[in-house]
Amino acid sequence: MNRDYKQSEVGTPDYSDLLLDQYISAIEVVNPMHRMWSDGRWNKLTMAHGCYWGKCTFCDISLDYIKLYEPVAAQMLCDRMEEMIQQTGQHGFHFVDEAAPPALMRALALEIIRRKLTVTWWTNIRFEKNFTRDLCQLLKASGCIAVSGGLEVASDRLLELIQKGVTVAQVAKVTRNFTEAGIMVHAYLMYGFPTQTAQETIDSLEMVRQMFEAGILQSGFWHQFALTAHSPVGMNPAQFKINIEPGCSGTFANNDILFTDPVGVDHDAFSFGLKKSLLNYMHGIGFDFPLQDWFEVKVPRTKIPKEYIVNALNEDEIHSVKPSAKVVWLGNKPDLEISTKTKRGETWESALLTFYTIKDTLSIKVEVPQGKWVMEILDKIRVDASETLTFQQVKDDYEAAGLEDFELFWYNKPFNKLANFGLLTL
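Positions within a chain are numbered from 1, following the residues in the order the chain's sequence is written. The predicted nature of this model means local features are confined to residues of pLDDT at least 70 and side-chain atom pairs, given and counted, to a pLDDT of 80 or more, with totals for whole chains, interfaces and linings taken over all residues. By convention in this description, side-chain values take in all heavy atoms of the structure and omit both hydrogens and water.

Caption draft 1: Representation of unusual backbone geometry. You will see that T195, though not glycine, has its phi angle at about 75°, which is positive. Numbering of helices and strands starts at the N terminus; helices are DSSP runs of H or I of at least 4 residues and strands are runs of E of at least 2. Following the sequence through the fold, T195 ends up in the loop between β7 (184-191) and α8 (198-213). Burial here depends on accessible area, computed with a 1.4 Å probe over protein chains only, as a share of the maximum for the residue type. Under 20% is buried, over 50% is exposed, and the range in between is partly exposed. Owing to a relative accessible area of 12%, T195 belongs among the buried residues under this scheme. The phi dihedral of K241 falls on the positive side, at around 60°, and the residue is not glycine. Tracing the chain through its elements places K241 in the loop between α9 (232-235) and β9 (243-244).

Below you can see the structure in the form of structure tokens.
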């Protein structure tokens, strides 16, 4: 019997016999993410086989295509990307992962930038807290233009039952990080999960409405829950308080299972209203419409406060940087101007650091020793440096230069703005 090939052994997809220049593009203009799937051509690759999370209760996590997680090294991924570019002439990549791992996405982005590859890419993710503002900025710099991820039922009770490992507030913050980096966000949305009530469906719609109104989602699609034999729900129906229809045991290929939910909600009745409202939200209209107006059946009033998502986005977060976090400089070398001033017989020097992007300029006034140190450390942490320094190593370097109060210097407001100019803590 032949063994399964490891991901490092499967090689690079070969499109050399296909007439790639003769295929047409099918454009679906209603949904931005659906249009990306079919408009133009994308080289297909996988960052990792399986899912690194592997807990979602609606998913076939008992099967090897989900259960067996095996990532591919970033260097090998870039080798395959370069080979496919040479073969197809296409610089666009769709990574078809179940959920691309944030750490591997970081490594891939750094490798793309170090090799100076000009590529465009997108993938599927989990909206987890590791997608910080700085990581999203890095992904954008490497050519990432879009991500899709499962918000599923936008209800904290049901997200916990799904074992998604996220909350609605966390998803809002992550989608905000991607959006502010200039990366389009598509959300997979679900209705009809076991024990879901009509109230929770409408409250979930209200969460989605607020996220679109806040500008942190650009695309989405509602899917009605389907029970499969190989998911935790299918294997443990009693745990989710549902009853399997007689004779619906499910097989490997024919694995959809009919079931009844004692809650008794007619989820089909919500389908049209959910999709109609979402279509309007994606076009930036209809935010002021009462939710009832989208439906032909009577629905409950939402119990979600109108400012729920805005308040979640405005929550103060504790920014704790791990000593092992990588510090990378993607920007250009700044200008350092040292000036001397004299007042009442006293003379002192000050330094002005000026940073540039194509669109913006930022000037930071510091003491001269600090200014000189910044020039030196930026050279050490540039993205193409032979060694990537950790946050602790940067701090040690600062103190070795005889400077004091590293945290006070690093976390001051002007210095914090450098993330937009290329200073990233990952």
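On we go.
Caption draft 2: Highlighting the sheet that holds strand β1 (residues 43-45). Any two strands with at least two DSSP bridges between them are considered paired. Taking strand neighbours across the sheet as the criterion, the six strands line up as β1-β4-β5-β6-β7-β8 in an open arrangement whose pairing is parallel. Looking at which strands have only one partner, the edges of the open sheet turn out to be β1 and β8 (219-224). For this sheet, the mean angle separating the axes of adjacent strands, direction not counted, is 20°. Here β1 pairs with strand β4 (residues 92-95) via three bridges, running parallel. When the bridges of β4 are listed, N43 appears paired with F93. The contact criterion used throughout is that any non-hydrogen atoms of two residues lie within 4.5 Å. Angular values range over 0 to 180 degrees, each being the angle between N-to-C directions of two axes fitted as lines to C-alpha atoms, with helices fitted over their stretch in contact. Lying on the sheet, helix α3 (residues 74-88) is in contact with β1 and β4; it crosses β1 at an angle near 160°.

Caption draft 3: Region of interest: the packing of aromatic side chains. Ring pairs are drawn from Phe, Tyr and Trp, using the six-membered ring of Trp, whenever the two centres fall within 6.5 Å, and their geometry is named by plane angle: stacked under 30 degrees, edge-to-face over 60, tilted for the rest. By the definition in use, this model includes 22 aromatic pairs. Measuring from centroid to centroid gives 5.1 Å for F131 and F178, while their planes differ by 45°, and the two rings are tilted. You can see F131 sitting in the loop between β5 (120-125) and α5 (133-142) and its partner F178 sitting in helix α7 (residues 168-180), a full 47 residues away along the chain. Comparing F131 with F178, the two get one shared label, buried. Grouping aromatic residues by their ring pairs yields a cluster made of W373, F391, Y398, F406, F409, W410 and Y411. Sitting over a ring, as applied to charges here, requires NZ of Lys or CZ of Arg to be within 6 Å of the ring centre and within 35 degrees of the ring normal. Sitting over the ring of Y15, R41 keeps its end group 4.4 Å from the ring centre. The side chain of R126 reaches across the aromatic face of W53, ending 3.9 Å from its centre.

Caption draft 4: The sheet that holds strand β14 (residues 361-366), seen in detail. Strand order across the open sheet formed by three strands is β12-β13-β14, with antiparallel pairing between neighbours. In the strand order of this sheet, the two ends are held by β12 (335-343) and β14, each with one partner. For this sheet, the mean inter-axis angle between neighbouring strands, taken without regard to orientation, is 25°. Pairing analysis gives nine bridges linking β12 to strand β13 (residues 346-356), with the strands arranged antiparallel. The residue of β13 that forms the bridge with E337 is L352. Most of the contacts of helix α12 (residues 368-380) go to β13, to which it runs at about 30°, and overall it touches β12, β13 and β14.

So far we have only geometry, and geometry alone does not tell us how the molecule works.
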